[in-house]
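# Tertiary structure, described
In case you want the letters, here they are:
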Amino acid sequence: MRSETITVRTGGSPVVRDITAEAADFVKSEGDGLLHVFVPHATAGLAIIETGAGSDEDLLAAIDELLPAQDKWRHRHGSRGHGRDHVLPAWLPPYASLPVLQGRIALGTWQSICLVDTNGDNPTRQVRFSFLQG
């Protein structure tokens, strides 16, 4: 298995960051197999969604409705509402496995691999790509 970690700057506010290009670059010299993407953080997740047509903002709005950044959370360190950031990975898991065919990720026409980070207290994230040859 081949594995590599990249650093992704997410900034100080909730963001949906498309990392498809980085993932595609990682597997471009491979044949068939599986790409596993993992975010080793307790406050971030991954989503396979369409980007650029408003879906990224819709996802953040849905997270705000489901997990509002309020002081109601028992986990209270960090910025206001930070407890919700620790609940996020229960809905958006920190991992995804995707088929790779002839060095290309077999995503649907409008699908992108996105890092979802609602934690403004941590402006950079690590993402691990691992390739398992078929």
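Before reading on, note that the structure itself is shown above.
Residues numbered from 1 in each chain as written. Predicted model: local features only at pLDDT ≥ 70, side-chain atom pairs only at ≥ 80, totals over all residues. Heavy atoms only, no water.

Further remarks concern the overall build of the protein. Check the secondary structure of the protein and you find 3 helices and 8 strands. Counting helices and strands in the order they occur from the N terminus, the protein gives β-β-α-β-β-α-α-β-β-β-β. A compact globule built from 134 residues would reach a C-alpha radius of gyration of about 14 Å, and the protein, at 15 Å, matches this within 12%. If one aligns the C-alpha atoms of the protein with their principal axes, the spans along those axes are about 50 × 30 × 20 Å. Put simply, the protein has 134 residues, and 42% of those count as buried. Considering only intrachain contacts with a sequence separation of at least 6, the fraction spanning at least 24 residues in the protein is 81%. Put simply, the protein shows about 7,200 Å² of open surface, and 51% of that area lies on carbon and sulfur atoms. One way to put it: in the protein the 12 positive side-chain charges average out to a point 7 Å from where the 16 negative ones average out. (Helix = DSSP H or I, 4+ residues; strand = E, 2+ residues; numbered from the N terminus. Rg over C-alpha atoms; globule rule 2.2 N^0.38 Å. Buried < 20%, exposed > 50% of the residue type's maximum accessible area, 1.4 Å probe, protein only. Contact = heavy atoms within 4.5 Å. Areas by Shrake-Rupley, 256 points an atom, 1.4 Å probe, with all protein chains shown as cover. Lys, Arg positive; Asp, Glu negative; His and termini not counted. Charge placed at Lys NZ, Arg CZ, Asp CG, Glu CD.)

Along the chain, the position of A96 falls in strand 5 (residues 95-101). When the C-alpha positions of A96 and F131 are compared, they lie 12 Å apart, and in sequence the two are 35 residues distant. Once residues lying within four places of it in the same chain are set aside, the contact partners of A96 are L35, H36, V37, L46 and I48.

Glancing now at helix 1 (residues 20-27). Turning to helix 1, its buried residues number three or more, namely T20, A23, F26 and V27. Down the axis of helix 1, the buried side of the element spans an arc of 125°, and every buried residue falls inside it. (Arc of directions from axis to C-beta.)

Okay, the nonpolar core next. Within the largest apolar cluster, 20 residues are counted, with the highest numbers of intra-cluster contacts made by I19, L35, V37, I105, L115, V127 and F129. Mapped by element, the contributors of at least two residues to this core are strand 1 (2-9), helix 1, strand 3 (33-38), strand 4 (44-49), strand 5, strand 7 (112-117) and strand 8 (124-133). Among residues more than four places away in sequence, those in contact with I105 are A23, A24, V27, L35, L98, P99, V100 and I113. (Core = buried A, V, L, I, M, F, W, Y, C linked by side-chain atoms within 4.5 Å.)

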